[in-house]
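Tertiary structure, described
Residue-level listing of the chains:
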Amino acid sequence: MTVQPENEGITFPIKQGSSIIAGFGRGSSELGIPTANVPINESLNKLSTGIYYGWCRLIPVTTQCDEIRKRVDGKEVLFNHGNNLTTDEVRVLPMVMSIGWNPYYHNKDKTAEVHIIHKFNKNFYGSKIEYVVLGYIRPELNFNSVDELIETINGDIKYAKEKLESDEKQGSEYF
């Protein structure tokens, strides 16, 4: 399934960190596959658009209080800065990351979205995230239906889990 990205010369792992920002809310509401959106920075912008896999961990920002902010679509959401995360939710977890334009949704801006492979109890907008990208899964694609998109994302998740199960470091040694 792995296809090499167009931009050769990128070496993995790539370790980054940032705050989690609010996106469009489509991952949770429409797809059932919530994402932690992170700002596109120079390093991420150098990567080919597509789907990547790796490890991540969330870091609550305990100095911040809950606040309401508006998402890109204008909907108000609670930024709790990860202060409600459980011990199980702040451990190193597997992830898949989409970098690109989301052609199915006709995005005008390039985005980076991390799907953490774990079921969370509450949102964690505003918390910090550290992630390490270990490899490339596939290029960004357009889809004929939301069902086709969901099926492909679930295939990406399955592929990432299989690749990460064979990772001798098992995530924690990257952080």
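In case you missed it, the structure is sitting above this.
This report concerns the structure included in the present document. Just so you know, these numbers come straight off a predicted model, no measurement behind them. (Residues numbered from 1 in each chain as written. Predicted model: local features only at pLDDT ≥ 70, side-chain atom pairs only at ≥ 80, totals over all residues. Heavy atoms only, no water.)

Side note on the nonpolar core
The biggest cluster of nonpolar side chains holds 27 residues, and the ones touching the most others in it are Met 97, Ile 116, Ile 129 and Tyr 131. Broken down by secondary-structure element, the contributors of at least two residues to this core are strand E2 (36–38), strand E3 (50–59), strand E5 (76–79), strand E6 (93–100), strand E7 (111–116) and strand E8 (128–139). With near-sequence residues (within four places) excluded, Tyr 131 lies in contact with Ile 14, Lys 15, Gln 16, Gly 17, Val 38, Leu 44, Trp 55, Cys 56, Met 95, Met 97 and Phe 175. With 20 residues, the next largest nonpolar core counts Ile 33, Ile 51, Val 132 and Leu 149 among its residues. (Core = buried A, V, L, I, M, F, W, Y, C linked by side-chain atoms within 4.5 Å. Buried < 20%, exposed > 50% of the residue type's maximum accessible area, 1.4 Å probe, protein only. Helix = DSSP H or I, 4+ residues; strand = E, 2+ residues; numbered from the N terminus. Contact = heavy atoms within 4.5 Å.)

Notes on the packing of aromatic side chains
Per the stated rule, a full pass over the model turns up 6 aromatic pairs. Seen in terms of ring centroids, Tyr 52 and Tyr 136 are 5.0 Å apart; in terms of plane orientation they differ by 70°. Their pairing is edge-to-face. On the criterion of sequence distance, the pair formed by Tyr 52 in strand E3 and Tyr 136 in strand E8 is long-range, its members being 84 residues apart. Residue Tyr 52 is classed as buried on the basis of its relative accessible area of 0%. An angle of 80° between the planes, with centres 6.3 Å apart, marks the rings of Tyr 53 and Tyr 159 as edge-to-face. In this pair, Tyr 53 sits in strand E3 while Tyr 159 sits in helix H3 (residues 146–165), placing the two residues 106 residues apart along the sequence. (Phe/Tyr/Trp six-rings, centres within 6.5 Å; stacked < 30°, edge-to-face > 60°.)

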